[in-house]
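Remarks on the overall topology
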Amino acid sequence: MGSFAEIRERAEKRKGGAEGLRALMPEIPDHNVLRAVPDDRILSDMTRYVFYAGFVRNIIDAKWQGFEAAFSGFDPAFLNLAPDDYWHDLTSDTRVIRNGAKIMSVRANAQFVRRLADEYGSAGRFLADWPLEDQIGLLAVLDKQANRLGGMTGQYLLRALGRDSFVMSHDVLVCLRLSGLPISESKPTKKDLRLIQEQFNAWHAETGLPLTHLSRICAFSVGMPGEEGEAD
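Parameters and conventions
Residues numbered from 1 in each chain as written. Predicted model: local features only at pLDDT ≥ 70, side-chain atom pairs only at ≥ 80, totals over all residues. Heavy atoms only, no water. Disulfide = S-S within 2.5 Å. Helix = DSSP H or I, 4+ residues; strand = E, 2+ residues; numbered from the N terminus. Buried < 20%, exposed > 50% of the residue type's maximum accessible area, 1.4 Å probe, protein only. Core = buried A, V, L, I, M, F, W, Y, C linked by side-chain atoms within 4.5 Å. Domains from an automatic or database assignment. Contact = heavy atoms within 4.5 Å. Axes fitted to C-alpha atoms, helices over the stretch in contact; angles between N-to-C directions. Left-handed = near helix turned anticlockwise from the far one by under 90°. Nonpolar A, V, L, I, M, F, W, Y, C, P; charged D, E, K, R; others polar. Expected span 1.5 Å × (residues − 1). Phe/Tyr/Trp six-rings, centres within 6.5 Å; stacked < 30°, edge-to-face > 60°. Lys NZ or Arg CZ within 6 Å of the ring centre and 35° of its normal. Salt bridge = Lys/Arg side-chain N within 4 Å of Asp/Glu carboxyl O. Buried area = accessible area lost by both parts, 1.4 Å probe. Polar contact = N/O pair within 3.5 Å; in protein donor to acceptor, adjacent residues only side chain to side chain.

Counted under the stated rule, the structure contains 1 disulfide. Disulfide pairing places Cys175 opposite Cys218 at an S-S distance of 2.2 Å. Where Cys175 bonds to Cys218 through sulfur, the torsion about that S-S bond is close to -110°, and the disulfide is left-handed. Residue Cys175 is found in helix α13 (residues 170-178), and its partner Cys218 is found in helix α15 (residues 211-220); the two are separated by 43 residues along the sequence. We classify Cys175 as buried; its relative accessible area is 0%.

Membership of the largest hydrophobic core comes to 68 residues, with the highest contact counts inside it found for Ile42, Phe71, Trp87, Leu176, Ile196 and Phe200. Looking at which element gives the most residues to this core, the answer is helix α4 (residues 39-52), with 7 residues. When we break this core down by domain, the ones giving at least three residues each are domain 1 (4-28 + 166-221) and domain 2 (32-161). Here Ile42 is in contact with Leu34, Val37, Val113, Ala123, Gly124, Leu127 and Leu161, once residues within four sequence places are set aside.

Attention shifts here to the packing of α4 against helix α9 (residues 100-120). Between α4 and α9, the least distance of the axes is 10 Å, while the angle of their chain directions is 145°. Considering the relative orientation of α4 and α9, their crossing is right-handed. Touching Asp39, Ile42, Leu43, Met46, Thr47, Val50 and Phe51 of α4 are Lys102, Ile103, Ser105, Val106, Asn109, Ala110, Phe112, Val113 and Ala117, all from α9. Of the residues contributing to the contact of α4 with α9, the split by class is 11 nonpolar, 3 polar and 2 charged.

With 14 residues, α4 extends 20 Å from end C-alpha to end C-alpha; this agrees with the ideal 20 Å at 1.5 Å per step. In the stretch just after α4, Gly54 is the one whose phi turns positive, near 90°.

One pass over the structure, following the stated rule, counts 14 aromatic pairs. Each ring, one from Phe71 and one from Phe74, has its centre 5.3 Å from the other, and the planes form 20°; the classification is stacked. Taking 5.5 Å as the distance between ring centres and 65° as the angle between the ring planes, the aromatic pair formed by Phe126 and Trp130 counts as edge-to-face. In this structure Phe126 comes out as buried when scored by relative accessible area, which is 6%. In this structure an aromatic cluster arises from ring pairing among Phe51, Trp64, Phe67, Phe71, Phe74, Phe78, Tyr86 and Trp87. Lying across the ring of Trp64, Arg48 places its NZ or CZ 4.4 Å from the centre. A cation sits over an aromatic face here: Arg57 above Tyr156, 5.9 Å from the ring centre.

Let us now look at the pattern of salt bridges. Within this structure, the stated rule accounts for 10 salt bridges. For Asp61, the salt bridge goes to Arg48, with nearest N and O atoms at 2.7 Å. With Asp61 in helix α5 (residues 57-62) and Arg48 in helix α4, this residue pair connects regions lying 13 residues apart in the sequence. Across the pair Asp93 and Arg95 runs a salt bridge whose closest N-O atoms are separated by 2.7 Å. You can call Asp93 buried: its relative accessible area is 14%. In this structure Arg95 comes out as partly exposed when scored by relative accessible area, which is 38%.

Assigned domains of the protein: these are domain 1 (4-28 + 166-221) and domain 2 (32-161). Look at where the C-alpha atoms of domain 1 and domain 2 centre, and you get two points 28 Å apart. The interface is formed by 12 residues belonging to domain 1 together with 10 residues belonging to domain 2. With both chains or domains summed, domain 1 and domain 2 bury close to 1,000 Å², and 57% of this area falls on carbon and sulfur atoms. Three residues stand out in domain 1 for area buried against domain 2, namely Val167, Met168 and Gln197, and they jointly supply 46% of the buried area on that side. In this assembly, domain 1 and domain 2 are joined by 0 salt bridges. At the boundary of domain 1 with domain 2, the tally comes to 6 residue pairs in polar contact (both at pLDDT 80 or more). Only α14 (190-207) and α15 provide two or more residues apiece to the side of domain 1 that touches domain 2. Taken together, the residues of the side of domain 1 that touches domain 2 sort by class into 5 nonpolar, 6 polar and 1 charged.

Below, the structure is given as structure tokens:
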């Protein structure tokens, strides 16, 4: 594997130089902020990203005030006690997207958030305190213990919540392969995921950059100069 400096140099050529690339970087994630996020806001974002999958985001965003009202402000304590009739009624509630499986995912994820709060103090603390060098392990928790938060949905959720994280978008995976990482061109295997984590850990140690910036620079480094790479 080459130095990350080579990847950053390619990204700078595509994005108008060092200043142009720097302007595309988001704020450095602050895990202290994530640690303080209330559980209802964690569940709200979980629900938003579950509904984003397979739908046009603008449609979900336009209806979001209705979602907040229909799901009682995403209060996990209330939703954990809500009877079956409450959930049944939501499947015909015009304030939300009436997808039964995704509506029921809110019930399951309210239980998940409540379990995290009981064990760790809050879901935000759990997400913020999970070791930075084991994002793959955290994604596995979301995949196995939450509902419909596996794959890219879980990755984009972590980014949206303010957790420092990489996203395994198409362009990021292309960048990793171009850099010499021996990973599959299809869906990453368990071995691939371990190699990807190890590579981001190595780049983090090499550069001191947050994972979020490493991921975006990686995504911006592929393609022809001037082309817009796929966002990570």
